[in-house]
Amino acid sequence: MKVLVAVKRVVDYNVKVRVRADETGIDLSGVKMSLNPFDEIAVEEAVRLKEKGLASEIIVVSIGDASCQESLRTALALGADRAIHVETSLETQPLGVAKTLKALVEKESPRLIILGKQAIDDDFNQTGQMLAGLLRWPQGTFISHLIRNGEEIEVTREVDGGLETLKMPLPAVVTTDLRLNEPRYATLPNIMKAKQKSLEVISAETLGVDLTPRLKTLKVVEPPPRKGGLMVANVDELLDKLQHEAKVI
Amino acid sequence: MPLLLIAEHDQSNLTASTLATLTAAKAFSAPVHVVVMGSSPEKAAEEAAFFKSVEKVWMIKDPRLAHPLAEDMTETLLDLAKGYDFILAPSTTFGKNLLPRLAALLDVALISDVIQIQDKNTFVRPIYAGNALATVTSNDPIKVITIRPTAFEKAQKGNSSAPFEACPFKESSSPLPIFVRMETSSSERPELTSASIVVSGGRGFQSKENFALLEALADKLGAAIGASRAAVDAGFVPNDYQVGQTGKAVAPTLYIAVGISGAIQHLAGMKDSKIIVAINKDPEAPIFQIADYGLVGDLFKILPELTAKIKKTA
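The notes below deal with the structure included here.

### A look at the pairing of strand β13 (residues 224-227) of chain B
Residue and element names in this part refer to chain B.
Okay, so step 1: Going residue by residue along β13, you find A224 and G226 tucked away on one face and I225 and A227 tucked away on the opposite face as well.
Okay, so step 2: Judged from the 4 bridges that link them, strand β12 (residues 197-201) and β13 form a sheet pairing that is parallel. Along β13, the bridge assignment pairs V198 with A224.
Okay, so step 3: Regarding the hand of the β-α-β motif, the stretch spanning β12, helix α5 (residues 212-221) and β13 is right-handed.

The structure is reproduced here in C-alpha coordinates:
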(Lines give C-alpha, C1' and ligand atoms only; values in the text may rest on other atoms or scores of the structure.)
Protein backbone atom coordinates (compact mmCIF):
# COMPACT_ATOMS: atom_id res chain seq x y z
CA MET A 1 0.00 0.00 0.00
CA LYS A 2 1.36 3.37 -1.06
CA VAL A 3 0.83 6.20 1.39
CA LEU A 4 0.88 9.85 0.35
CA VAL A 5 1.66 12.58 2.88
CA ALA A 6 1.65 16.30 2.16
CA VAL A 7 3.75 18.75 4.16
CA LYS A 8 3.93 22.53 4.50
CA ARG A 9 6.77 24.73 5.61
CA VAL A 10 5.56 27.22 8.23
CA VAL A 11 6.88 29.63 10.84
CA ASP A 12 8.13 27.54 13.77
CA TYR A 13 5.49 27.11 16.45
CA ASN A 14 7.71 28.73 19.09
CA VAL A 15 8.12 31.99 17.19
CA LYS A 16 6.08 34.98 18.28
CA VAL A 17 5.11 36.42 14.91
CA ARG A 18 5.21 40.12 14.10
CA VAL A 19 2.86 41.88 11.73
CA ARG A 20 4.56 43.98 9.03
CA ALA A 21 4.25 47.72 9.55
CA ASP A 22 2.54 48.18 6.16
CA GLU A 23 -0.13 45.65 7.26
CA THR A 24 0.44 43.42 4.22
CA GLY A 25 1.24 40.29 6.19
CA ILE A 26 3.59 38.68 8.67
CA ASP A 27 7.25 39.67 8.82
CA LEU A 28 9.05 36.48 7.76
CA SER A 29 12.58 37.92 7.50
CA GLY A 30 15.03 35.96 9.65
CA VAL A 31 12.23 33.93 11.22
CA LYS A 32 12.82 30.24 11.99
CA MET A 33 10.81 27.97 9.69
CA SER A 34 9.84 24.36 10.41
CA LEU A 35 7.71 21.51 9.20
CA ASN A 36 4.08 22.16 10.18
CA PRO A 37 3.65 20.16 13.45
CA PHE A 38 0.51 18.36 12.24
CA ASP A 39 2.34 17.32 9.07
CA GLU A 40 5.21 15.96 11.14
CA ILE A 41 2.63 13.78 12.90
CA ALA A 42 1.31 12.70 9.48
CA VAL A 43 4.79 11.65 8.35
CA GLU A 44 5.35 9.80 11.63
CA GLU A 45 2.09 7.88 11.27
CA ALA A 46 3.02 6.82 7.73
CA VAL A 47 6.46 5.68 8.91
CA ARG A 48 4.90 3.65 11.74
CA LEU A 49 2.58 1.93 9.25
CA LYS A 50 5.58 1.07 7.11
CA GLU A 51 7.53 -0.22 10.11
CA LYS A 52 4.61 -2.53 10.93
CA GLY A 53 4.65 -3.81 7.34
CA LEU A 54 1.31 -2.12 6.62
CA ALA A 55 2.62 0.35 4.05
CA SER A 56 4.97 -0.30 1.15
CA GLU A 57 6.06 3.17 0.13
CA ILE A 58 5.72 6.68 1.57
CA ILE A 59 5.59 9.56 -0.90
CA VAL A 60 5.85 13.03 0.58
CA VAL A 61 4.65 16.10 -1.31
CA SER A 62 5.04 19.82 -0.81
CA ILE A 63 3.75 22.69 -2.92
CA GLY A 64 5.43 26.08 -3.13
CA ASP A 65 8.74 27.74 -3.95
CA ALA A 66 12.18 26.12 -3.72
CA SER A 67 12.28 26.48 0.08
CA CYS A 68 9.76 23.59 0.35
CA GLN A 69 12.56 21.22 -0.51
CA GLU A 70 13.96 21.80 2.95
CA SER A 71 10.72 20.44 4.47
CA LEU A 72 10.75 17.52 2.04
CA ARG A 73 14.30 16.61 3.11
CA THR A 74 13.16 16.70 6.73
CA ALA A 75 10.30 14.34 5.91
CA LEU A 76 12.69 12.04 4.03
CA ALA A 77 15.00 12.04 7.07
CA LEU A 78 12.03 11.03 9.22
CA GLY A 79 11.42 7.99 7.02
CA ALA A 80 9.54 8.95 3.84
CA ASP A 81 10.84 7.08 0.76
CA ARG A 82 10.67 9.72 -1.94
CA ALA A 83 9.56 13.30 -2.39
CA ILE A 84 7.70 15.37 -4.95
CA HIS A 85 8.02 19.14 -5.01
CA VAL A 86 5.30 20.90 -6.97
CA GLU A 87 6.85 24.22 -7.81
CA THR A 88 4.82 27.42 -7.84
CA SER A 89 5.47 31.01 -6.91
CA LEU A 90 1.77 31.57 -6.17
CA GLU A 91 0.44 31.77 -2.63
CA THR A 92 -0.95 28.31 -1.83
CA GLN A 93 -4.54 28.09 -0.61
CA PRO A 94 -6.49 24.96 0.39
CA LEU A 95 -8.60 24.50 -2.77
CA GLY A 96 -5.59 24.83 -5.11
CA VAL A 97 -3.54 22.51 -2.92
CA ALA A 98 -6.35 19.93 -2.85
CA LYS A 99 -6.60 20.05 -6.66
CA THR A 100 -2.84 19.63 -7.00
CA LEU A 101 -2.84 16.66 -4.64
CA LYS A 102 -5.75 15.14 -6.58
CA ALA A 103 -3.68 15.34 -9.78
CA LEU A 104 -0.80 13.59 -8.01
CA VAL A 105 -3.11 10.94 -6.56
CA GLU A 106 -4.27 10.11 -10.08
CA LYS A 107 -0.63 9.68 -11.08
CA GLU A 108 0.61 7.79 -8.01
CA SER A 109 -2.49 5.82 -6.92
CA PRO A 110 -1.88 5.81 -3.15
CA ARG A 111 -4.40 3.88 -1.02
CA LEU A 112 -4.09 6.17 1.98
CA ILE A 113 -3.49 9.91 2.20
CA ILE A 114 -2.43 11.36 5.54
CA LEU A 115 -2.49 15.15 5.97
CA GLY A 116 -2.12 17.43 8.98
CA LYS A 117 -5.51 18.77 10.07
CA GLN A 118 -4.36 22.36 9.77
CA ALA A 119 -1.30 24.46 9.09
CA ILE A 120 -0.37 26.64 12.03
CA ASP A 121 0.17 29.72 9.86
CA ASP A 122 -3.18 30.29 8.11
CA ASP A 123 -5.10 27.96 10.48
CA PHE A 124 -7.51 26.99 7.66
CA ASN A 125 -8.19 23.30 8.49
CA GLN A 126 -9.60 22.52 5.02
CA THR A 127 -7.24 20.72 2.63
CA GLY A 128 -7.88 17.10 3.68
CA GLN A 129 -11.66 17.48 3.56
CA MET A 130 -11.45 19.25 0.18
CA LEU A 131 -9.21 16.56 -1.28
CA ALA A 132 -11.50 13.78 0.00
CA GLY A 133 -14.46 15.61 -1.55
CA LEU A 134 -12.78 16.08 -4.93
CA LEU A 135 -11.79 12.40 -4.99
CA ARG A 136 -15.14 11.38 -3.47
CA TRP A 137 -13.20 9.25 -1.00
CA PRO A 138 -14.22 8.70 2.62
CA GLN A 139 -12.63 11.11 5.09
CA GLY A 140 -11.46 10.65 8.67
CA THR A 141 -10.65 14.08 10.09
CA PHE A 142 -8.88 15.15 13.32
CA ILE A 143 -7.84 11.60 14.16
CA SER A 144 -6.06 10.49 17.31
CA HIS A 145 -5.98 6.78 16.47
CA LEU A 146 -5.56 4.75 13.28
CA ILE A 147 -5.68 0.99 12.74
CA ARG A 148 -5.41 -0.76 9.38
CA ASN A 149 -7.26 -4.06 8.92
CA GLY A 150 -6.67 -5.21 5.36
CA GLU A 151 -8.64 -3.03 2.98
CA GLU A 152 -10.23 -1.09 5.79
CA ILE A 153 -9.11 1.40 8.42
CA GLU A 154 -10.59 2.30 11.76
CA VAL A 155 -10.04 5.83 12.99
CA THR A 156 -10.88 7.68 16.20
CA ARG A 157 -11.77 11.32 15.66
CA GLU A 158 -11.39 14.08 18.25
CA VAL A 159 -14.73 15.89 18.01
CA ASP A 160 -16.46 18.49 20.20
CA GLY A 161 -18.51 16.01 22.17
CA GLY A 162 -15.72 13.47 22.75
CA LEU A 163 -14.29 10.71 20.57
CA GLU A 164 -15.97 9.30 17.46
CA THR A 165 -14.83 6.01 15.93
CA LEU A 166 -15.43 5.30 12.24
CA LYS A 167 -14.53 2.41 9.97
CA MET A 168 -13.91 3.11 6.32
CA PRO A 169 -12.79 1.30 3.21
CA LEU A 170 -9.55 2.23 1.46
CA PRO A 171 -8.69 4.38 -0.38
CA ALA A 172 -9.30 7.14 2.16
CA VAL A 173 -8.07 10.53 3.34
CA VAL A 174 -7.28 11.12 7.02
CA THR A 175 -6.14 14.26 8.85
CA THR A 176 -4.07 14.16 12.00
CA ASP A 177 -4.77 15.63 15.40
CA LEU A 178 -2.11 16.24 18.03
CA ARG A 179 -2.47 13.04 19.98
CA LEU A 180 -2.14 10.61 17.09
CA ASN A 181 1.52 10.03 17.89
CA GLU A 182 4.69 11.70 19.11
CA PRO A 183 6.98 12.28 16.14
CA ARG A 184 10.59 11.06 16.36
CA TYR A 185 13.61 13.25 15.82
CA ALA A 186 15.60 12.84 12.64
CA THR A 187 18.96 11.26 13.45
CA LEU A 188 22.15 12.46 11.78
CA PRO A 189 22.65 9.23 9.76
CA ASN A 190 19.05 9.50 8.52
CA ILE A 191 19.54 13.16 7.62
CA MET A 192 22.59 12.12 5.56
CA LYS A 193 20.68 9.24 3.97
CA ALA A 194 17.79 11.56 3.08
CA LYS A 195 20.11 13.51 0.79
CA GLN A 196 20.38 10.44 -1.44
CA LYS A 197 16.64 9.84 -1.71
CA SER A 198 14.72 10.86 -4.81
CA LEU A 199 13.24 14.38 -4.88
CA GLU A 200 11.31 15.06 -8.06
CA VAL A 201 10.44 18.63 -9.04
CA ILE A 202 7.29 19.18 -11.10
CA SER A 203 5.94 22.56 -12.11
CA ALA A 204 2.32 23.21 -11.17
CA GLU A 205 1.57 24.04 -14.83
CA THR A 206 2.51 20.55 -16.06
CA LEU A 207 -0.08 19.11 -13.67
CA GLY A 208 -2.67 21.34 -15.31
CA VAL A 209 -3.96 22.63 -12.00
CA ASP A 210 -5.20 26.16 -11.39
CA LEU A 211 -3.49 27.39 -8.22
CA THR A 212 -4.71 31.00 -8.49
CA PRO A 213 -5.61 32.10 -4.95
CA ARG A 214 -9.34 32.51 -4.43
CA LEU A 215 -9.04 34.61 -1.32
CA LYS A 216 -7.36 37.96 -1.37
CA THR A 217 -5.86 39.32 1.81
CA LEU A 218 -6.61 43.03 2.12
CA LYS A 219 -4.69 43.60 5.33
CA VAL A 220 -3.17 41.89 8.32
CA VAL A 221 -3.17 43.61 11.70
CA GLU A 222 -2.31 42.76 15.26
CA PRO A 223 -5.25 41.91 17.50
CA PRO A 224 -6.18 44.61 20.01
CA PRO A 225 -3.87 44.09 22.99
CA ARG A 226 -5.21 43.18 26.41
CA LYS A 227 -4.20 45.72 29.00
CA GLY A 228 -1.57 44.67 31.48
CA GLY A 229 -2.47 42.62 34.47
CA LEU A 230 -2.96 43.65 38.06
CA MET A 231 -1.30 41.39 40.60
CA VAL A 232 -3.28 40.63 43.73
CA ALA A 233 -1.70 39.54 47.00
CA ASN A 234 -4.09 36.87 48.18
CA VAL A 235 -7.39 35.08 47.69
CA ASP A 236 -9.36 37.71 49.64
CA GLU A 237 -8.15 40.51 47.42
CA LEU A 238 -8.87 38.44 44.31
CA LEU A 239 -12.43 37.74 45.42
CA ASP A 240 -12.96 41.37 46.32
CA LYS A 241 -11.82 42.48 42.84
CA LEU A 242 -13.97 39.87 41.09
CA GLN A 243 -17.04 40.86 43.09
CA HIS A 244 -16.76 44.62 43.32
CA GLU A 245 -14.52 45.75 40.46
CA ALA A 246 -15.09 43.25 37.63
CA LYS A 247 -18.52 42.24 39.00
CA VAL A 248 -18.29 38.81 37.43
CA ILE A 249 -19.17 36.60 40.39
CA MET B 1 -29.65 36.64 -2.52
CA PRO B 2 -30.65 34.13 0.14
CA LEU B 3 -28.32 32.64 2.73
CA LEU B 4 -28.28 28.99 3.76
CA LEU B 5 -27.35 28.22 7.35
CA ILE B 6 -26.45 24.61 8.10
CA ALA B 7 -27.69 23.95 11.61
CA GLU B 8 -25.80 21.81 14.11
CA HIS B 9 -28.02 20.08 16.65
CA ASP B 10 -28.14 17.05 18.92
CA GLN B 11 -31.29 15.60 17.30
CA SER B 12 -33.39 17.71 19.63
CA ASN B 13 -31.94 21.20 20.21
CA LEU B 14 -29.87 23.58 18.14
CA THR B 15 -26.38 24.00 19.57
CA ALA B 16 -25.27 27.32 21.07
CA SER B 17 -22.81 27.61 18.18
CA THR B 18 -25.71 27.49 15.73
CA LEU B 19 -27.42 30.34 17.62
CA ALA B 20 -24.22 32.42 17.32
CA THR B 21 -24.09 31.64 13.59
CA LEU B 22 -27.70 32.87 13.29
CA THR B 23 -26.57 36.22 14.70
CA ALA B 24 -23.64 36.35 12.27
CA ALA B 25 -26.04 35.63 9.39
CA LYS B 26 -27.88 38.92 10.06
CA ALA B 27 -24.83 40.87 8.84
CA PHE B 28 -25.55 39.73 5.27
CA SER B 29 -29.01 41.39 5.19
CA ALA B 30 -30.20 38.41 3.19
CA PRO B 31 -33.18 36.11 3.73
CA VAL B 32 -31.96 33.31 6.00
CA HIS B 33 -32.92 29.72 5.23
CA VAL B 34 -31.88 27.10 7.78
CA VAL B 35 -31.31 23.47 6.87
CA VAL B 36 -31.73 20.89 9.64
CA MET B 37 -30.57 17.34 8.87
CA GLY B 38 -31.11 14.43 11.20
CA SER B 39 -32.78 11.14 11.99
CA SER B 40 -35.33 13.07 14.04
CA PRO B 41 -34.81 16.72 13.07
CA GLU B 42 -38.38 17.89 13.83
CA LYS B 43 -37.74 19.52 17.19
CA ALA B 44 -34.59 21.35 16.12
CA ALA B 45 -36.32 22.43 12.89
CA GLU B 46 -39.24 23.81 14.90
CA GLU B 47 -36.83 25.68 17.12
CA ALA B 48 -35.10 27.19 14.06
CA ALA B 49 -38.44 28.39 12.70
CA PHE B 50 -38.95 30.59 15.80
CA PHE B 51 -36.07 32.97 15.07
CA LYS B 52 -37.22 36.25 13.57
CA SER B 53 -34.54 36.38 10.90
CA VAL B 54 -35.34 32.90 9.59
CA GLU B 55 -37.60 32.87 6.51
CA LYS B 56 -37.60 29.18 5.74
CA VAL B 57 -36.52 25.87 7.25
CA TRP B 58 -35.43 22.94 5.13
CA MET B 59 -35.87 19.66 6.93
CA ILE B 60 -34.01 16.56 5.82
CA LYS B 61 -35.00 13.45 7.69
CA ASP B 62 -33.42 10.06 7.27
CA PRO B 63 -32.34 7.28 9.65
CA ARG B 64 -28.87 7.44 8.09
CA LEU B 65 -28.51 10.94 9.58
CA ALA B 66 -28.51 9.63 13.16
CA HIS B 67 -24.73 9.97 13.07
CA PRO B 68 -24.37 12.24 10.07
CA LEU B 69 -21.36 11.72 7.82
CA ALA B 70 -19.74 14.59 5.92
CA GLU B 71 -19.90 12.39 2.80
CA ASP B 72 -23.70 11.99 2.94
CA MET B 73 -24.39 15.55 4.06
CA THR B 74 -22.29 16.94 1.21
CA GLU B 75 -24.12 14.95 -1.47
CA THR B 76 -27.46 15.87 0.10
CA LEU B 77 -26.65 19.60 0.24
CA LEU B 78 -24.84 19.98 -3.07
CA ASP B 79 -27.87 20.74 -5.26
CA LEU B 80 -29.60 22.80 -2.59
CA ALA B 81 -26.44 24.86 -2.03
CA LYS B 82 -26.29 25.98 -5.66
CA GLY B 83 -29.36 28.17 -5.10
CA TYR B 84 -27.61 30.29 -2.48
CA ASP B 85 -25.09 33.11 -2.43
CA PHE B 86 -23.92 32.47 1.12
CA ILE B 87 -23.56 29.24 3.06
CA LEU B 88 -22.78 29.42 6.77
CA ALA B 89 -22.08 26.89 9.50
CA PRO B 90 -20.47 27.16 12.93
CA SER B 91 -16.74 26.62 13.07
CA THR B 92 -17.06 23.57 15.34
CA THR B 93 -15.75 20.10 14.51
CA PHE B 94 -19.14 19.56 12.77
CA GLY B 95 -18.69 22.57 10.48
CA LYS B 96 -14.96 22.09 10.02
CA ASN B 97 -15.52 18.52 8.89
CA LEU B 98 -18.36 19.29 6.48
CA LEU B 99 -17.89 22.69 4.89
CA PRO B 100 -14.50 22.22 3.19
CA ARG B 101 -15.84 19.11 1.44
CA LEU B 102 -18.94 20.99 0.32
CA ALA B 103 -16.96 24.07 -0.79
CA ALA B 104 -14.52 21.96 -2.84
CA LEU B 105 -17.37 20.29 -4.72
CA LEU B 106 -18.90 23.72 -5.38
CA ASP B 107 -15.44 24.75 -6.61
CA VAL B 108 -15.26 27.72 -4.23
CA ALA B 109 -12.97 28.72 -1.39
CA LEU B 110 -14.02 28.28 2.21
CA ILE B 111 -13.49 31.24 4.49
CA SER B 112 -13.01 29.55 7.84
CA ASP B 113 -13.30 30.79 11.40
CA VAL B 114 -14.72 34.24 10.62
CA ILE B 115 -14.87 36.58 13.63
CA GLN B 116 -16.15 39.72 11.89
CA ILE B 117 -18.21 40.40 8.78
CA GLN B 118 -17.27 43.80 7.34
CA ASP B 119 -19.53 43.52 4.32
CA LYS B 120 -20.93 40.73 2.16
CA ASN B 121 -17.55 40.06 0.60
CA THR B 122 -15.11 41.07 3.31
CA PHE B 123 -14.34 39.08 6.44
CA VAL B 124 -11.90 39.09 9.34
CA ARG B 125 -10.37 35.82 10.52
CA PRO B 126 -7.56 35.05 12.96
CA ILE B 127 -4.32 33.56 11.62
CA TYR B 128 -1.16 32.40 13.42
CA ALA B 129 -3.07 31.25 16.48
CA GLY B 130 -4.81 34.61 16.74
CA ASN B 131 -1.56 36.56 16.82
CA ALA B 132 -2.72 38.37 13.70
CA LEU B 133 -6.08 39.18 12.16
CA ALA B 134 -6.43 38.94 8.40
CA THR B 135 -9.07 40.82 6.43
CA VAL B 136 -9.91 38.73 3.37
CA THR B 137 -12.19 39.04 0.40
CA SER B 138 -13.47 36.48 -2.08
CA ASN B 139 -14.91 36.84 -5.56
CA ASP B 140 -16.28 33.31 -5.70
CA PRO B 141 -19.96 33.18 -6.74
CA ILE B 142 -20.92 31.34 -3.54
CA LYS B 143 -19.32 32.40 -0.27
CA VAL B 144 -18.94 29.41 2.01
CA ILE B 145 -18.09 30.50 5.54
CA THR B 146 -17.60 29.00 8.98
CA ILE B 147 -18.32 31.30 11.90
CA ARG B 148 -16.33 31.29 15.14
CA PRO B 149 -19.18 31.03 17.64
CA THR B 150 -17.49 32.94 20.48
CA ALA B 151 -17.24 36.06 18.30
CA PHE B 152 -21.03 36.47 18.06
CA GLU B 153 -23.85 36.68 20.61
CA LYS B 154 -26.37 33.87 20.67
CA ALA B 155 -29.52 34.82 18.72
CA GLN B 156 -32.64 35.29 20.82
CA LYS B 157 -35.66 33.22 20.00
CA GLY B 158 -38.60 35.22 18.64
CA ASN B 159 -42.17 34.04 18.19
CA SER B 160 -42.36 33.98 14.43
CA SER B 161 -42.96 30.78 12.59
CA ALA B 162 -41.13 30.22 9.34
CA PRO B 163 -42.53 27.67 6.89
CA PHE B 164 -41.05 24.20 6.60
CA GLU B 165 -40.14 22.39 3.47
CA ALA B 166 -38.89 18.82 3.20
CA CYS B 167 -35.80 18.15 1.16
CA PRO B 168 -34.69 14.65 0.17
CA PHE B 169 -31.71 12.82 1.62
CA LYS B 170 -29.20 11.76 -0.99
CA GLU B 171 -26.82 8.98 -0.12
CA SER B 172 -23.32 9.27 -1.46
CA SER B 173 -22.75 6.78 -4.28
CA SER B 174 -19.08 6.38 -3.35
CA PRO B 175 -17.76 4.20 -0.50
CA LEU B 176 -18.75 5.48 2.92
CA PRO B 177 -17.41 5.36 6.46
CA ILE B 178 -19.41 3.32 8.93
CA PHE B 179 -20.15 4.78 12.34
CA VAL B 180 -18.76 2.51 15.07
CA ARG B 181 -19.18 4.39 18.34
CA MET B 182 -19.15 7.74 20.11
CA GLU B 183 -17.51 8.09 23.49
CA THR B 184 -19.00 11.17 25.07
CA SER B 185 -17.37 12.77 28.04
CA SER B 186 -20.53 13.00 30.10
CA SER B 187 -20.72 16.00 32.34
CA GLU B 188 -23.40 17.83 34.28
CA ARG B 189 -21.47 21.04 33.83
CA PRO B 190 -22.21 23.75 31.26
CA GLU B 191 -20.84 23.25 27.77
CA LEU B 192 -17.31 24.62 27.50
CA THR B 193 -17.72 26.95 24.52
CA SER B 194 -20.92 28.56 25.77
CA ALA B 195 -20.33 28.70 29.56
CA SER B 196 -20.20 32.12 31.17
CA ILE B 197 -17.47 30.97 33.57
CA VAL B 198 -14.64 28.62 32.61
CA VAL B 199 -12.01 27.30 35.03
CA SER B 200 -9.04 25.77 33.27
CA GLY B 201 -6.16 23.67 34.52
CA GLY B 202 -2.71 22.95 33.19
CA ARG B 203 0.40 20.95 33.82
CA GLY B 204 0.66 22.52 37.28
CA PHE B 205 -1.93 20.03 38.55
CA GLN B 206 0.62 17.22 38.20
CA SER B 207 -1.99 14.44 38.13
CA LYS B 208 -5.46 13.46 37.06
CA GLU B 209 -6.53 13.08 40.70
CA ASN B 210 -5.51 16.64 41.54
CA PHE B 211 -7.99 17.95 38.97
CA ALA B 212 -10.62 17.26 41.66
CA LEU B 213 -9.55 20.59 43.17
CA LEU B 214 -10.56 22.35 39.97
CA GLU B 215 -13.80 20.38 39.78
CA ALA B 216 -14.72 21.60 43.27
CA LEU B 217 -14.18 25.20 42.19
CA ALA B 218 -16.16 24.63 38.95
CA ASP B 219 -19.06 23.17 40.93
CA LYS B 220 -19.10 26.16 43.25
CA LEU B 221 -19.14 28.64 40.36
CA GLY B 222 -21.36 26.63 38.01
CA ALA B 223 -18.46 26.76 35.59
CA ALA B 224 -17.28 24.60 32.71
CA ILE B 225 -13.85 22.97 32.93
CA GLY B 226 -11.16 23.54 30.34
CA ALA B 227 -7.53 22.53 30.10
CA SER B 228 -4.27 23.34 28.41
CA ARG B 229 -2.79 21.05 25.78
CA ALA B 230 -0.15 19.94 28.31
CA ALA B 231 -2.85 18.72 30.71
CA VAL B 232 -4.67 16.84 27.93
CA ASP B 233 -1.47 15.31 26.58
CA ALA B 234 -0.60 14.16 30.10
CA GLY B 235 -3.97 12.41 30.27
CA PHE B 236 -5.32 14.50 33.19
CA VAL B 237 -8.56 15.26 31.28
CA PRO B 238 -10.26 14.15 28.02
CA ASN B 239 -9.34 15.72 24.67
CA ASP B 240 -12.47 17.78 24.29
CA TYR B 241 -11.47 19.88 27.31
CA GLN B 242 -8.61 21.43 25.37
CA VAL B 243 -8.70 25.20 24.92
CA GLY B 244 -6.36 26.68 22.32
CA GLN B 245 -5.39 27.11 18.69
CA THR B 246 -6.08 23.48 17.87
CA GLY B 247 -8.70 22.86 20.55
CA LYS B 248 -11.70 25.00 21.40
CA ALA B 249 -11.98 28.77 21.38
CA VAL B 250 -13.83 30.14 24.40
CA ALA B 251 -14.80 33.67 25.40
CA PRO B 252 -16.58 33.49 28.76
CA THR B 253 -17.27 36.40 31.09
CA LEU B 254 -14.74 34.95 33.52
CA TYR B 255 -11.83 32.64 32.68
CA ILE B 256 -9.74 31.32 35.56
CA ALA B 257 -6.46 29.75 34.41
CA VAL B 258 -4.83 27.65 37.09
CA GLY B 259 -1.38 26.12 36.75
CA ILE B 260 -1.26 27.18 33.08
CA SER B 261 1.88 28.97 31.93
CA GLY B 262 0.21 30.58 28.91
CA ALA B 263 1.76 29.14 25.74
CA ILE B 264 0.85 31.07 22.57
CA GLN B 265 -1.36 28.25 21.37
CA HIS B 266 -3.37 28.22 24.63
CA LEU B 267 -3.81 32.02 24.65
CA ALA B 268 -5.23 31.75 21.11
CA GLY B 269 -8.23 29.93 22.52
CA MET B 270 -9.09 32.14 25.50
CA LYS B 271 -7.73 35.66 25.20
CA ASP B 272 -11.09 37.04 24.10
CA SER B 273 -12.54 36.23 27.53
CA LYS B 274 -13.94 39.29 29.31
CA ILE B 275 -12.06 38.85 32.58
CA ILE B 276 -9.05 36.58 32.90
CA VAL B 277 -7.68 35.42 36.24
CA ALA B 278 -4.34 33.62 36.38
CA ILE B 279 -3.09 31.56 39.30
CA ASN B 280 0.44 30.25 38.89
CA LYS B 281 3.47 29.66 41.10
CA ASP B 282 5.84 31.16 38.52
CA PRO B 283 5.67 34.99 38.60
CA GLU B 284 7.30 35.07 35.14
CA ALA B 285 4.60 32.92 33.50
CA PRO B 286 3.38 34.59 30.27
CA ILE B 287 -0.24 34.09 31.31
CA PHE B 288 0.15 37.03 33.75
CA GLN B 289 0.78 39.41 30.84
CA ILE B 290 -2.75 38.99 29.57
CA ALA B 291 -4.54 38.35 32.87
CA ASP B 292 -6.70 41.05 34.44
CA TYR B 293 -5.92 39.66 37.87
CA GLY B 294 -2.89 37.57 38.68
CA LEU B 295 -2.15 35.67 41.85
CA VAL B 296 1.26 34.09 42.37
CA GLY B 297 1.29 31.05 44.58
CA ASP B 298 0.81 27.34 45.09
CA LEU B 299 -2.43 26.20 43.48
CA PHE B 300 -2.74 23.36 45.99
CA LYS B 301 -3.14 25.97 48.74
CA ILE B 302 -4.93 28.68 46.78
CA LEU B 303 -7.64 26.57 45.13
CA PRO B 304 -9.12 25.05 48.30
CA GLU B 305 -9.11 28.47 49.95
CA LEU B 306 -10.75 30.12 46.92
CA THR B 307 -13.39 27.40 46.70
CA ALA B 308 -14.18 27.64 50.40
CA LYS B 309 -14.40 31.43 50.45
CA ILE B 310 -16.66 31.63 47.42
CA LYS B 311 -19.11 29.50 49.34
CA LYS B 312 -18.96 31.84 52.27
CA THR B 313 -19.53 35.02 50.25
CA ALA B 314 -22.01 33.67 47.70
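### Some words on the packing of helix α3 (residues 94-108) of chain A against helix α4 (residues 127-135) of chain A
Residue and element names in this part refer to chain A.
Okay, so step 1: Contact pair α3 / α4: the axes reach a minimum separation of 9 Å and the direction vectors enclose 50°. On the basis of the axis angle, α3 is oblique to α4. Both α3 and α4 take part in a crossing whose hand is right-handed. In contact with P94, L95, V97, A98, K99, L101, K102 and V105 of α3, α4 contributes T127, M130, L131, L134 and L135.
Okay, so step 2: Counted by class, the contact of α3 with α4 contains 10 nonpolar, 1 polar and 2 charged residues.

### As for the sheet that holds strand β14 (residues 254-258) of chain B
Okay, so step 1: In space, the 6 strands of this open sheet follow the order β13(A)-β16(B)-β15(B)-β14(B)-β12(B)-β13(B), with parallel pairing throughout. Whereas interior strands pair on both sides, the edge strands pair on one side only; in this sheet they are β13 (230-232) of chain A together with β13 of chain B. For this sheet the average axis-to-axis angle between neighbouring strands, irrespective of direction, equals 20°.
Okay, so step 2: One ladder, built from 4 bridges, connects strand β15 (residues 275-280) of chain B with strand β16 (residues 293-296) of chain B; its direction is parallel. Bridged to I279 of chain B within β16 of chain B is L295 of chain B.
Okay, so step 3: Together, β13 of chain A together with β14, β15 and β16 of chain B form the strand contacts of helix α6 (residues 235-245) of chain A, whose direction differs from that of β16 of chain B by roughly 170°.
Okay, so step 4: Docked against the sheet, α5 of chain B engages β12, β13 and β14 of chain B, running at close to 175° with respect to β12 of chain B.

### Quick word on the sheet that holds strand β7 (residues 122-127) of chain B
Okay, so step 1: Strand order in the open sheet formed by 4 strands is β12(A)-β8(B)-β7(B)-β6(B), and the pairing between neighbours is antiparallel. Strands with a single pairing partner mark the edges of an open sheet, and in this sheet they are β12 (215-221) of chain A together with β6 (116-119) of chain B. Averaged over all pairs of adjacent strands, the angle between their axes in this sheet comes to 30°, without regard to strand direction.
Okay, so step 2: As paired elements, β6 of chain B and β7 of chain B share 3 bridges and run antiparallel to each other. Its bridge partner being in β7 of chain B, I117 of chain B is matched across the sheet by F123 of chain B.

### Some thoughts on unusual backbone geometry
Okay, so step 1: In this chain, L170 of chain A is followed by P171 of chain A through a cis amide linkage whose omega measures 5°.
Okay, so step 2: One can find P171 of chain A in the loop between β9 (162-169) and β10 (172-176).
Okay, so step 3: We note that K247 of chain A has phi near 55°; this positive angle belongs to a residue other than glycine.
Okay, so step 4: Taking relative accessible area as the criterion, K247 of chain A reaches 62% and is therefore assigned exposed.
Okay, so step 5: Even without a glycine there, the phi angle at D113 of chain B is positive, about 60°.
Okay, so step 6: Note that D113 of chain B resides in strand β5 (residues 110-114).
Okay, so step 7: Looking at D113 of chain B, the relative accessible area reads 14%, which means it is buried.

Parameters and conventions
Residues numbered from 1 in each chain as written. Chains lettered and ligands numbered in written order. Predicted model: local features only at pLDDT ≥ 70, side-chain atom pairs only at ≥ 80, totals over all residues. Heavy atoms only, no water. Buried < 20%, exposed > 50% of the residue type's maximum accessible area, 1.4 Å probe, protein only. Helix = DSSP H or I, 4+ residues; strand = E, 2+ residues; numbered from the N terminus. Pairing = 2+ DSSP bridges. Right-handed = clockwise from strand over helix to strand, strands pointing away. Axes fitted to C-alpha atoms, helices over the stretch in contact; angles between N-to-C directions. Parallel < 35°, antiparallel > 145°, perpendicular 65-115°, else oblique. Left-handed = near helix turned anticlockwise from the far one by under 90°. Contact = heavy atoms within 4.5 Å. Nonpolar A, V, L, I, M, F, W, Y, C, P; charged D, E, K, R; others polar.

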